[in-house]
Amino acid sequence: MARRSPALQNQRRELEQVLAELETLIPSGQWEIACRSTQDLARTIHHRVAPFRSDVMQREASGSFDSQRGTDHLEAMRWLRRVSQHIRQTCRHLQQVHDGEISADQDADQEES
């Protein structure tokens with residue numbers, strides 16, 4: 001089961017730690033630190049995907065993982081990466097609203113165009 005993977009557990013713990021930090025940083029208006037933390041997390045997870053994928057493929061090739069277990073692990077890592085990217089983007093958009101760069105009801109995607 002993917003949730004028992006030490007590598008995935010480490011990623012999950014890092015994600016949980018950043019979320020816990022955000023609970024303190026955002027209400028106190030520390031947007032720069034909050035966004036840097038989410039950016040660092042997203043970057044870290046992104047850089048770990050390729051080595052993780054390679055490890056899973058090697059385990060499948062050696063027979064220590066069947067294809068379903070390998071797929072579950074890869075899907076879990078992709079999910080962690082997507083979540084970390086969404087958290088990073090959300091933090092950035094909230095910071096822009098807080099700083100008055102965009103209004104709360106303005107579509108942030110239009111600002112990037």
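Residues numbered from 1 in each chain as written. Predicted model: local features only at pLDDT ≥ 70, side-chain atom pairs only at ≥ 80, totals over all residues. Heavy atoms only, no water.

Student: Quick rundown of the nonpolar core? Include the residues and the values.
Tutor: Counting 20 residues, the largest nonpolar core has Leu15, Phe52 and Met77 as the members making the most contacts within it. Elements that contribute at least two residues to this core include exactly helix H1 (6-25), helix H2 (31-62) and helix H3 (67-98). Sorting elements by how many residues they give to this core places H2 first, with eight residues. If we skip the residues at most four places from it in the chain, Leu15 touches Leu41, Leu80, Val83 and Ile87. (Core = buried A, V, L, I, M, F, W, Y, C linked by side-chain atoms within 4.5 Å. Buried < 20%, exposed > 50% of the residue type's maximum accessible area, 1.4 Å probe, protein only. Helix = DSSP H or I, 4+ residues; strand = E, 2+ residues; numbered from the N terminus. Contact = heavy atoms within 4.5 Å.)

Student: Account for the pattern of salt bridges, with residues named and values stated.
Tutor: Tallied over the full model, the rule gives six salt bridges. Measuring nitrogen to oxygen at the nearest pair gives 3.4 Å for the salt bridge that ties Arg12 to Glu16. Note that Arg12 and Glu16 are positioned in helix H1 at a spacing of four residues, about one turn of the helix. With a relative accessible area of 35%, Arg12 lands in the partly exposed category. A salt bridge links Arg43 to Asp40; the shortest N-O distance between them is 3.7 Å. Of the two residues, Arg43 and Asp40 both sit in helix H2, three residues apart, roughly one turn of that helix. (Salt bridge = Lys/Arg side-chain N within 4 Å of Asp/Glu carboxyl O.)

Student: Give a description of empty space enclosed by the protein that names residues and reports values.
Tutor: Applying the stated criterion across every chain, the model contains one cavity of 30 Å³ or more. Approximately 40 Å³ is the volume found for the largest cavity. If you go around the largest cavity, the residues you meet are Val49, Phe52, Arg53, Leu74, Met77 and Arg78. Listed by contribution, the elements that provide at least two residues to the lining of the largest cavity are H2 and H3. Residues that form the lining of the largest cavity fall into these classes: four nonpolar, no polar and two charged. (1 Å grid on protein atoms, 1.4 Å probe; cavity = no way out; pocket = protein on both sides within 12 Å on 5 of 7 lines; lining within 4 Å. Points joined across faces, edges and corners; volume = space filled by probe spheres on them. Nonpolar A, V, L, I, M, F, W, Y, C, P; charged D, E, K, R; others polar.)

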